[in-house]
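# Observations on the three-dimensional arrangement
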Amino acid sequence: MNAILQVENLTKQYADFKLDHVSFSVPKGTIMGLIGENGAGKSTLSNIISGVLKPDGGQIFFEGKEYKELTIKQAKDLGIKMVHQELLVLPKLNVTANIFIGSEYQNHGWMDVPKMHEKASELLNTVGLSISPKTRVAEIDIAGRQMIEIARAIATNAKIIILDEPTSSLSDVEIKKLFETVNRLKKQGISFIFVSHRLQEVLTLSDRIYI
């Protein structure tokens, strides 16, 4: 199975921390579990892959093409999306606005709001969230906001989604729904990196695991 993402010997040095020659691959349509204690470098690695941080060494291969490093824009354009532990939603705006912010549909120079509402409804259905796209995000719980972030990633043609400690604020029922959504999207060909320090969750969800 061809890898959509492969990293080789990635390193990142801080004063008191070193990410030391990390290598792994993620085949298309699979879930890779990335597990380690707090401070082990999971978020640093995720931020390098998503273009937030520059590595000190190593290579990143995405769909076979080599990159010494990625910018945030490059990663986004390639289809690498990250759902952070601290969710990046705007509570005062509605769901549609949150999904399409920065990628609004246009019609003769004006925002095509009806089309965005229609597409947002489709995306919400895809992630299993039964709410109106006109709902203000402030009225939605943490689990729902997380699904909105995943819907935003799908809306911009995500090929691989990094989930950074996604279950930290979820109940058991919400975690089950999240896992169902991830597995459903995996069947559609989207790959995931599931970052966690919870071993049982990683064992339950992942196709392969890196420690």
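Scroll up to find the structure.
Residues numbered from 1 in each chain as written. Predicted model: local features only at pLDDT ≥ 70, side-chain atom pairs only at ≥ 80, totals over all residues. Heavy atoms only, no water.

## Remarks on the overall build of the protein
Within the protein one finds seven helices and 11 strands. Scaling as 2.2 N^0.38, a compact globule of 211 residues should have a C-alpha radius of gyration of about 17 Å, and the protein matches this with 17 Å. When its C-alpha atoms are laid out on the principal axes, the protein stretches across 50 × 40 × 35 Å. Here the protein, with 211 residues, has 50% of them falling under the buried criterion. The long-range share in the protein, meaning contacts at least 24 apart out of those at least 6 apart in sequence, stands at 67%. (Helix = DSSP H or I, 4+ residues; strand = E, 2+ residues; numbered from the N terminus. Rg over C-alpha atoms; globule rule 2.2 N^0.38 Å. Buried < 20%, exposed > 50% of the residue type's maximum accessible area, 1.4 Å probe, protein only. Contact = heavy atoms within 4.5 Å.)

## Re the sheet that holds strand 10 (residues 191-196)
Picture the strands of a sheet paired through backbone hydrogen bonds; they go either parallel or antiparallel. In space, the five strands of this open sheet follow the order 6-9-10-3-11, with parallel pairing throughout. Both edges of this open sheet fall to strand 6 (80-83) and strand 11 (208-210), since each of them pairs with a single strand only. When strand polarity is set aside, the average angle formed by the axes of neighbouring strands in this sheet is 20°. Sheet topology places strand 3 (residues 31-35) next to strand 10; five bridges connect them, and they run parallel. Paired with I31 across the bridge in strand 10 is F192. Against the sheet, helix 1 (residues 42-49) engages strand 3, strand 6, strand 9 (160-164) and strand 10, with an angle of about 155° to strand 10. (Pairing = 2+ DSSP bridges. Axes fitted to C-alpha atoms, helices over the stretch in contact; angles between N-to-C directions.)

## Side note on the packing of aromatic side chains
Summed over all chains, the structure comprises four aromatic pairs. Look at F24 and Y210: their rings are 5.4 Å apart centre to centre, the planes differ by 50°, and that puts the pair in the tilted class. You can see F24 sitting in strand 2 (residues 18-27) and its partner Y210 sitting in strand 11, a full 186 residues away along the chain. Accessibility expressed as a relative area gives 5% for F24, which makes it buried. Its relative accessible area of 24% is what places Y210 among the partly exposed residues. It is K115 that lies over the ring of Y105; its NZ or CZ is 5.0 Å from the centre. (Phe/Tyr/Trp six-rings, centres within 6.5 Å; stacked < 30°, edge-to-face > 60°. Lys NZ or Arg CZ within 6 Å of the ring centre and 35° of its normal.)

## Considering the pattern of salt bridges
According to the stated counting rule, one finds 10 salt bridges in the structure shown. With a closest N to O distance of 3.9 Å, D20 and K18 form a salt bridge. D77 is the salt-bridge partner of K73, the closest N and O atoms lying 2.7 Å from each other. Here K73 and its partner D77 are both found in helix 2 (residues 72-78), four residues apart, which amounts to about one turn of the helix. (Salt bridge = Lys/Arg side-chain N within 4 Å of Asp/Glu carboxyl O.)

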